[in-house]
Amino acid sequence: EIASCLVGSEMCIRDSMNCESKKYRRIVVKIGSNVLTREDGRPDTTRISALVDQLARLHRAGTEFILVSSGAVASGRSLLEPRVGRIDTVSARQLFSAVGQVKLLNRYYDLFNEYGIACGQVLTTKQDFETRRHYLNQRNSIRVMLENGVIPIVNENDTISVSELMFTDNDELSGLIASMMDAQALIILSNIDGIYNGSPSDPASAVIREICLLYTSPSPRDKRQS
Ligand code: GLU
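The written sequence of each chain sets the order in which its residues are numbered from 1. Owing to the predicted nature of the model, reporting of local features is limited to residues with pLDDT of at least 70; listing and counting of side-chain atom pairs is limited to 80 or more, with chain, interface and lining totals taken over all residues. To get the side-chain values, all heavy atoms of the structure are used, and hydrogens and water are removed first.

Trainee: Explain the overall build of the chain to me, and be specific about the residues and the numbers.
Mentor: A run of H or I in DSSP counts as a helix once it spans at least four residues, and a run of E counts as a strand once it spans at least two, with each numbered from the N terminus. Each helix and strand in the chain was counted, giving seven helices and eight strands. Across the 226 residues of the chain, 38% fall into the buried class. Of the contacts formed within the chain by residues at least 6 apart in sequence, a portion of 69% connects residues at least 24 apart. Accessible area for the chain stands at about 13,400 Å²; split by element, carbon and sulfur atoms hold 49% of it. When accessible area is computed with a 1.4 Å probe and restricted to protein chains, residues below 20% of their type maximum are described as buried, those above 50% as exposed, and intermediate ones as partly exposed. Here, two residues are considered to be in contact whenever any of their heavy atoms come within 4.5 Å of each other. Surface accessibility in these figures is a Shrake-Rupley result with a 1.4 Å probe; residues are shielded only by whichever protein chains are displayed.

Trainee: Could you give an account of the site of the ligand, naming the residues involved and the relevant values?
Mentor: If a single non-hydrogen atom of a residue is within 4 Å of a molecule or strand, that residue counts as near it. Close to the ligand lie Ser33, Ser70, Gly71, Ala72, Val73, Asn155, Asp158, Asp169 and Asn170, which account for all nearby residues. N or O atoms closer than or at 3.5 Å make up a polar contact, with two conditions inside protein: a donor-capable atom paired with an acceptor-capable one, and, for residues adjacent in sequence, both atoms drawn from side chains. A distance of 2.9 Å separates a nitrogen atom of the ligand from a polar side-chain atom of Asp158. With the chains in place, 85% of the 300 Å² that the ligand exposes on its own is no longer accessible. Think of it as three bins: nonpolar holds Ala, Val, Leu, Ile, Met, Phe, Trp, Tyr, Cys and Pro, charged holds Asp, Glu, Lys and Arg, and polar takes everything else, Gly as well. Grouping the constituent residues of the shell around the ligand by class yields two nonpolar, five polar and two charged.

Trainee: Go over helix H4 (residues 89–113), please, and point to the residues and values.
Mentor: To estimate the expected span of a helix, subtract one from its residue number and multiply by 1.5 Å. Helix length check: H4 (25 residues) gives 35 Å between terminal C-alpha atoms against 36 Å at 1.5 Å per residue, within 8%. Note on bend: at a given residue it equals the angle between the axes fitted to the 7 residues ending there and to the 7 starting there. Gly100 marks the point of greatest bend in H4, at about 25 degrees. Turning to H4, its buried residues are Ala92, Phe96, Ser97, Gly100, Gln101, Leu104, Leu105, Tyr108, Leu111 and Phe112. Of the residues that open H4, the one with a side-chain oxygen 3.2 Å from the backbone nitrogen of Val90 is Asp88.

Trainee: Any details on a nonpolar patch on the surface? Residues and values, ideally.
Mentor: A cluster of nonpolar residues, Ile195, Ile208, Ile211, Leu213 and Tyr215, forms a patch on the protein surface that exposes about 600 Å² of accessible area. Looking at the secondary structure, you find Ile211 in the loop between strand E8 (185–189) and helix H7 (220–225). The class of Ile211 is exposed, set by a relative accessible area of 53%. By definition, no residue in a patch forms a salt bridge, and every one has over 30% relative accessible area; like charges are joined within 9 Å, nonpolar side chains (Val, Leu, Ile, Met, Phe, Trp, Tyr) within 5 Å. A pair is scored as a salt bridge if a Lys or Arg side-chain nitrogen falls within 4 Å of a carboxyl oxygen belonging to Asp or Glu.

Trainee: A description of the environment of Val150 should follow, citing residues and the corresponding values.
Mentor: With respect to the helices and strands, Val150 occurs in the loop between helix H5 (132–147) and strand E7 (151–156). Between the alpha carbons of Val150 and Phe65 there is a distance of 9.5 Å; along the sequence they are 85 residues apart. Not counting residues within four places of it along the chain, the set of residues in contact with Val150 comprises Ala118, Cys119, Gly120 and Met145.

Trainee: Let's hear about the packing of helix H3 (residues 72–80) against H4: which residues, and what values?
Mentor: Running from amino to carboxyl end, H3 crosses H4 at an angle of 100 degrees, the nearest separation of the two axes being 6 Å. As far as their axial angle goes, H4 and H3 are roughly perpendicular. In this structure, H3 uses Ala72, Val73, Ser75, Gly76, Arg77, Ser78, Leu79 and Leu80 to contact H4, whose residues at the interface are Arg93, Leu95, Phe96, Ser97, Val99, Gly100, Gln101, Lys103 and Leu104. In the contact of H3 with H4, the residues fall into eight nonpolar, six polar and three charged. A fitted line through C-alpha atoms represents every axis, and for helices the fit uses only the stretch in contact; the resulting angles, taken between N-to-C directions, go from 0 to 180 degrees. Reported orientations rely on four angle classes, namely roughly parallel under 35 degrees, roughly antiparallel over 145, roughly perpendicular from 65 to 115, and oblique for the rest.

Trainee: So what's going on with the pattern of salt bridges? Which residues, and what values?
Mentor: Counted under the stated rule, the structure contains six salt bridges. One salt bridge connects Arg93 with Asp158, and the closest N-O pair in it is separated by 2.4 Å. Linking Arg93 in helix H4 with Asp158 in the loop between E7 and helix H6 (170–180), this pair joins segments that are 65 residues apart in sequence. What makes Arg93 partly exposed here is its relative accessible area of 25%. Among the salt bridges present, the one from Lys126 reaches Glu172, with a minimum N-O distance of 3.9 Å. Of this pair, Lys126 sits in the loop between strand E6 (119–124) and H5 while Glu172 sits in helix H6, and the two are 46 residues apart along the sequence.

Trainee: Quick rundown of the nonpolar core? Include the residues and the values.
Mentor: Grouped together as the largest cluster of nonpolar side chains are 26 residues, with contacts concentrated most on Ile27, Ile31, Leu67, Tyr108, Phe112 and Ile153. Counting only elements with at least two residues in this core, the list comes to strand E4 (26–31), helix H1 (33–36), helix H2 (45–60), strand E5 (64–69), H4, E7 and E8. Looking at this core, the element that brings in the most residues is H2, giving six residues. Buried Ala, Val, Leu, Ile, Met, Phe, Trp, Tyr and Cys residues that are joined via side-chain atoms within 4.5 Å together make up what is termed a nonpolar core. In terms of nonpolar packing, the next biggest core, distinct from the first, is built from 17 residues, Ile66, Tyr135, Leu173 and Ala178 among them.

Trainee: Explain H6 to me, using residue names and the numbers behind them.
Mentor: Within H6, burial applies to Asn170, Leu173, Ser174, Ile177, Ala178 and Met180. The buried residues of H6 occupy an angular sector of 165 degrees when projected down its axis, which confines them to one face. Where the residues of H6 are buried, they touch E4, E5, E6, H5, E7 and E8. Measuring from the backbone nitrogen of Asp171 back to the side-chain oxygen at the start of H6 gives 3.0 Å, which picks out Asp169 as the cap. Of the residues one or two after H6, Asp182 is the one with positive phi, at around 55 degrees. Starting at the helix axis, one direction is taken to each C-beta atom, and the arc is that of these directions.

Quick look at the structure:
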């Protein structure tokens, strides 16, 4: 819920213990399929439109944001599954995402358009992060959208990616986008509360509230080995 994190034009990183406010210039917001769809797999229009309302407020307040949105496969599945016969998993993913991505982007287009905000589609694959030229091309395309007030909506190009060339999920993709675009924050909207210290389905597991990265300079031995 972005709303509970919003404080005026400021965004607040909140956990159960405390709430600190920081002003961010550029953020990445990732919306997972489970947030965008109802239990029966149909798009949750009310929620999508509530999220767009909040994002439009952020945009107006001058925060640049990049949306990483899942939901292509789920949108396509809800539309096509009843009429598609036997089909293998890879083909189903390709078919559902091809149709669902159009549906998804149409919905975002209409909702952002109500605020006079334009959005643009960026479909990417893992390979686009592997070669310098593709990396720079996609960074430039997102940059030029931001510079012109257009909201980039990123998703994996599921129609052409196949298993071994796929991102683990859009969480991974959103992390890569956040780092590529020098975003100050990445907000992952999900039905999972956070990173657990075990399987989330195990009642003994708990959410890790804070993760600190420790940077140590390499020892002379490490340097010799590398
Ligand atoms: N790219 C997939 C989709 O749009 C979702 C992947 C994910 O949720 O991690 O349906």
